[in-house]
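Coordinates in review
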Amino acid sequence: SITLKVEVKKERVFRSGLETPIPVLQLAKFEVGLEKLKLEFMETGADWILNAVLKGFSHKITEIVQDNLKEQIVKQVHILLEQMNSFIDSNPDLLMNALGITMADIEESIVCV
């Protein structure tokens, strides 16, 4: 299963020397879980031995595939959010009107460094 939660937050940016709040989309929750990954060798002439080896390593293989899948999905989601935030930055009213909210309704994004 894959769980993604994207939230609208408020960030403050400086434009022309003035601090201006803008809405941004941020990934708030992300989970990837693979219950079971089924791999099977077929028509190799040594299926029985190769499948026995796979069965012994199935948990580790599932873990590796899950980690790689999670890494690739989060990378693509961040790229997408950057693109969407660039669009929102130049058209914030479009997002706010579509969601029926104002800047006062949005929580401040707090970044710890």
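Higher on the page you've got the structure.
Note that the coordinates shown come from a computational prediction; the quantities given were computed from them, not determined experimentally. (Residues numbered from 1 in each chain as written. Predicted model: local features only at pLDDT ≥ 70, side-chain atom pairs only at ≥ 80, totals over all residues. Heavy atoms only, no water.)

Looking now at the overall build of the protein. For the protein, the helix and strand inventory stands at two helices and two strands. Reading the protein from its N end, one meets helices and strands in the order β-β-α-α. Scaling as 2.2 N^0.38, a compact globule of 113 residues should have a C-alpha radius of gyration of about 13 Å, whereas the protein reaches 22 Å, well beyond that. If you line up the protein on its principal axes, its C-alpha atoms span 70 × 30 × 20 Å. Evaluated residue by residue, the protein yields a buried proportion of 17% over its 113 residues. Relative to all contacts within the protein whose residues are 6 or more apart in sequence, the contacts with residues 24 or more apart total 58%. Within the structure as shown, the protein displays about 8,700 Å² of accessible surface, and the carbon and sulfur contribution to it stands at 58%. On the protein, the mean spot of the 12 positive side-chain charges and the mean spot of the 17 negative ones are 4 Å from each other. (Helix = DSSP H or I, 4+ residues; strand = E, 2+ residues; numbered from the N terminus. Rg over C-alpha atoms; globule rule 2.2 N^0.38 Å. Buried < 20%, exposed > 50% of the residue type's maximum accessible area, 1.4 Å probe, protein only. Contact = heavy atoms within 4.5 Å. Areas by Shrake-Rupley, 256 points an atom, 1.4 Å probe, with all protein chains shown as cover. Lys, Arg positive; Asp, Glu negative; His and termini not counted. Charge placed at Lys NZ, Arg CZ, Asp CG, Glu CD.)

Attention now moves to the nonpolar core. By size, the foremost hydrophobic cluster in this structure holds eight residues: Leu25, Phe30, Val32, Ile73, Val77, Leu81, Ile88 and Leu95. Breaking this core down by element, the ones donating at least two residues are strand 2 (18-32) and helix 1 (47-90). (Core = buried A, V, L, I, M, F, W, Y, C linked by side-chain atoms within 4.5 Å.)

What follows concerns the environment of isoleucine 61. Tracing the backbone through its elements, the reader meets isoleucine 61 in helix 1. Isoleucine 61 sits 46 residues away from arginine 15 along the chain, and the two C-alpha atoms are 49 Å apart.

A cluster of nonpolar side chains, namely Phe41, Trp48, Ile49, Leu50, Val53 and Phe57, defines an oily patch on the protein surface of about 610 Å² accessible area. Mapped onto the secondary structure, phenylalanine 41 falls in the loop between strand 2 and helix 1. Looking at phenylalanine 41, the relative accessible area reads 33%, which means it is partly exposed. (Patch = residues over 30% accessible without salt bridge, like charges linked within 9 Å, V, L, I, M, F, W, Y side chains within 5 Å. Salt bridge = Lys/Arg side-chain N within 4 Å of Asp/Glu carboxyl O.)

Here the focus is the pattern of salt bridges. Throughout the structure, instances matching the rule amount to six salt bridges. In this structure, glutamate 31 engages lysine 29 in a salt bridge whose closest nitrogen and oxygen atoms are separated by 4.0 Å. Using a relative accessible area of 37% as the deciding quantity, one classes lysine 29 as partly exposed. The shortest N-O distance in the salt bridge between lysine 60 and glutamate 63 comes to 3.3 Å. One end of the pair, lysine 60, and the other, glutamate 63, are both in helix 1, three residues apart, so they sit about a helical turn from each other.

Let's shift gears to the side chain of threonine 62. On the secondary structure map, threonine 62 appears in helix 1. Since its relative accessible area comes to 11%, threonine 62 is described here as buried. For threonine 62, the residues in contact, after removing those within four places along its chain, are Leu34 and Leu37.

All right, on to the pairing of strand 1 (residues 2-15) then. Looking at chain direction, strand 1 and strand 2 are connected through 14 bridges and run antiparallel. Across the sheet, valine 8 pairs through a bridge with leucine 25, a residue of strand 2. (Pairing = 2+ DSSP bridges.)

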